[in-house]
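# Observations on the model geometry
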Amino acid sequence: MRIMIVGAGAAGIMAANMLSKKSFSVTVLEQQERIGGRIHTYVPEGFVNAVEAGAEFIHGHLPLTLKLLKRAQLATTTASMNMHRIGNGKIVHGFGRSKAWGQFYALLEALEADTTLDAFLGRHFPGKKYRLLRDEVQQMAQGLDLADPAEVSLLSLKAEWLSEETQYRPVTGYQPLLEFLYNEAAAGGCKIIFNETVKSIRWERGRAVVHTLNQSFENDIVIITSSLGCLQSEDIKFAPEIPELLPQFQRIGFGAVIKLLFEFDQPFWEQELPELGFLFAEKGFTFWTQLDQHVPVLTGWIGNDCVSHYDAFSDEALVNICLETLLEAFPETQLHFRTAAVFRYNAQSPSRGGYSWPKPESRKAVKQLNKGIEDTIFFAGEAFDPTFETATVEAALQSGKYVAGKIIRKFHRDS
């Protein structure tokens, strides 16, 4: 059975790994010159230290991610969640200024019926008294989850927002894990073709011809792991058309983000705040350190709602705004800035955005999409994780595993 996988991100590589080990003929098409997709661990020009241009954290005790890292003999380290914020030119401990956060979390813990975040805030925290809380909660949804507060499923965010699990990150970054998984797949005969952008798929049950800008590939099954943003933009056309797909894709949210990496001669923040993990600033900026490794790299983050505003700024202008913000926070400290790099995950980027977020109707859409089309076209990626750990590398890995397992079981039934 010939299987084509579109996209060499975490979901695609996971599926390729499993299918190749079962002796399927697997080919991966990737539009870039590397594997990883929204995972990209490397040393940018001018940097000394490797950085994560995309996915970075392990959000709690995520079983598949940790199992695979252990199998690949790749270490993890804890990530500091020690939070501070800049207020009136001073750094104070904690994320929010509102005194109603405890009340918000208590009501969130008791939530059973799904609703949107804005509807929940309007019902329980109306009026001027709670304006600050509403602003801070909405900022958290935009910044952390890249979500629209008017549409995001609060029940889906509940576990994440109330979680007290330890956060981790791979010591070497995520890239070596994907390289390990791909090397195993290659040993099973999997091949990858870079610089191939899929434009259309002509299909019928049991047969699919994948057309790129350069050539065509005939297969029995296609697994599409392009980002949800690409699917919502209909970057891949189907013949015959599959009209039910787009409405399902649109029932899942997809947000934008700008990630900035700054390298300094030394971790200057440790002089004043040696335990600094996250720093929330004005103008939509969040910064975080790699406290566990004490490297002089600081990450900047601009989430969703603010991205459209800063899209008009050049990389240099964005870097300067961030440095000015840091100087306001640390006026007595010499930053000793070395260099910076900017990574934009927006509608113009190859992935069309950052990562997915859940709407109240997303679970039904994911369940429907995971059925595939006529046992011939399947979808995998962080937005389609059947365990609904969306927006994580774990979700992408689980989704790739799920689809591969489904194909393997079908083959054994039919043979």
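Here the structure is shown first, and the text comes after it.
Let me sum up the structure you'll find in this document. (Residues numbered from 1 in each chain as written. Predicted model: local features only at pLDDT ≥ 70, side-chain atom pairs only at ≥ 80, totals over all residues. Heavy atoms only, no water.)

## Quick look at the sheet that holds strand E12 (residues 216–219)
Keep this limit in mind: Pairing between two strands requires that DSSP report at least two bridges joining them. Helix numbering and strand numbering both begin at the N terminus, where a helix is a DSSP run of H or I of at least 4 residues and a strand a DSSP run of E of at least 2. Only the stretch in contact is used when fitting a helix axis, every axis being a line fitted to C-alpha atoms; angles between N-to-C directions are given from 0 to 180 degrees.
Taken together, four strands build an open sheet; the order of strands is E12-E11-E10-E14 and the sheet is mixed. With partners counted over all chains shown, the strands left at the sheet margins are E12 and strand E14 (237–239), one partner each. Between one strand and the next, the sheet's axes are offset by a mean angle of 20°, whatever the strand orientation. The sheet contact formed by strand E11 (residues 207–212) and E12 spans four bridges and is antiparallel. Counterpart to Val 210 in the pairing with E12 is Phe 217.

## What to know about helix H2 (residues 63–71)
What counts, and what does not: Only protein chains enter the area calculation, which uses a 1.4 Å probe; residues under 20% of their type maximum are buried, those over 50% are exposed, and those in between are partly exposed. Between two residues, a contact is recorded if the distance between any of their heavy atoms is within 4.5 Å.
Listed as buried for H2 are Leu 64, Thr 65, Leu 66, Leu 68 and Leu 69. Residues of H2 that are buried sit in contact with helix H1 (10–21), strand E5 (76–78), strand E8 (168–170), helix H7 (175–187) and helix H14 (393–414). Of the residues flanking the end of H2, it is Gln 73, one or two places downstream, whose phi is positive at about 60°.

## A few points about the pattern of salt bridges
Quick reminder of the rule: Think of a salt bridge as a Lys or Arg side-chain nitrogen and an Asp or Glu carboxyl oxygen that are within 4 Å of each other.
By the definition in use, this model includes 17 salt bridges. For Asp 315, the salt bridge is made with Arg 344, and the minimal N-O distance between the two is 2.8 Å. With a gap of 29 residues between them, Asp 315 in helix H12 (residues 315–329) and Arg 344 in strand E20 (residues 337–345) connect regions that are remote in the sequence. By relative accessible area, which is 37% here, Asp 315 ends up partly exposed. Here Arg 344 falls in the partly exposed class, since its relative accessible area comes to 22%.

## Looking at the nonpolar core
Put simply, the rule is: Side-chain atoms within 4.5 Å are what join buried Ala, Val, Leu, Ile, Met, Phe, Trp, Tyr and Cys residues into a set we call a nonpolar core.
Ranked by internal contacts, the top residues of the largest apolar core, which has 43 residues, are Leu 19, Ile 223 and Ile 407. Among the elements that line this core, the one with the most residues is H1, at eight residues. Core analysis: the second largest hydrophobic core is formed by 29 residues, Phe 238, Leu 245, Ala 365 and Leu 369 among them.

## Some points on the packing of helix H5 (residues 131–145) against helix H6 (residues 154–162)
In plain terms, the rule: Just so you know how the angles are binned, under 35 degrees is roughly parallel, over 145 roughly antiparallel, 65 to 115 roughly perpendicular, and the rest oblique. Polarity classes work like this: nonpolar for Ala, Val, Leu, Ile, Met, Phe, Trp, Tyr, Cys and Pro, charged for Asp, Glu, Lys and Arg, and polar for all others, with Gly in that last group.
For the pair H5 and H6, interaxial distance at closest approach is 13 Å and the crossing angle is 85°. One element, H5, and the other, H6, form an angle in the roughly perpendicular class. Residues Val 137, Met 140, Ala 141, Leu 144 and Asp 145 of H5 lie in contact with H6, whose contacting residues are Leu 157, Glu 160 and Trp 161. By residue class, the composition of the contact of H5 with H6 is six nonpolar, no polar and two charged.

## Things to note about the packing of aromatic side chains
Heads up, the condition is: Pairs were defined over the aromatic rings of Phe, Tyr and Trp, the Trp ring being its six-membered one, requiring ring centres within 6.5 Å. Orientation was assigned from the angle between planes: stacked under 30 degrees, edge-to-face over 60, tilted for the rest.
Evaluated as defined, the whole model comprises 30 aromatic pairs. Judged by centre distance (5.7 Å) and plane angle (65°), the rings of Phe 104 and Tyr 105 are edge-to-face. You can call Phe 104 buried: its relative accessible area is 0%. The partly exposed category is assigned to Tyr 105, whose relative accessible area is 29%. On the numbers, 6.1 Å between centres and 80° between planes, the contact of Phe 264 with Trp 269 is edge-to-face. By relative accessible area, Phe 264 is classed as buried at 0%. By relative accessible area, which is 2% here, Trp 269 ends up buried.

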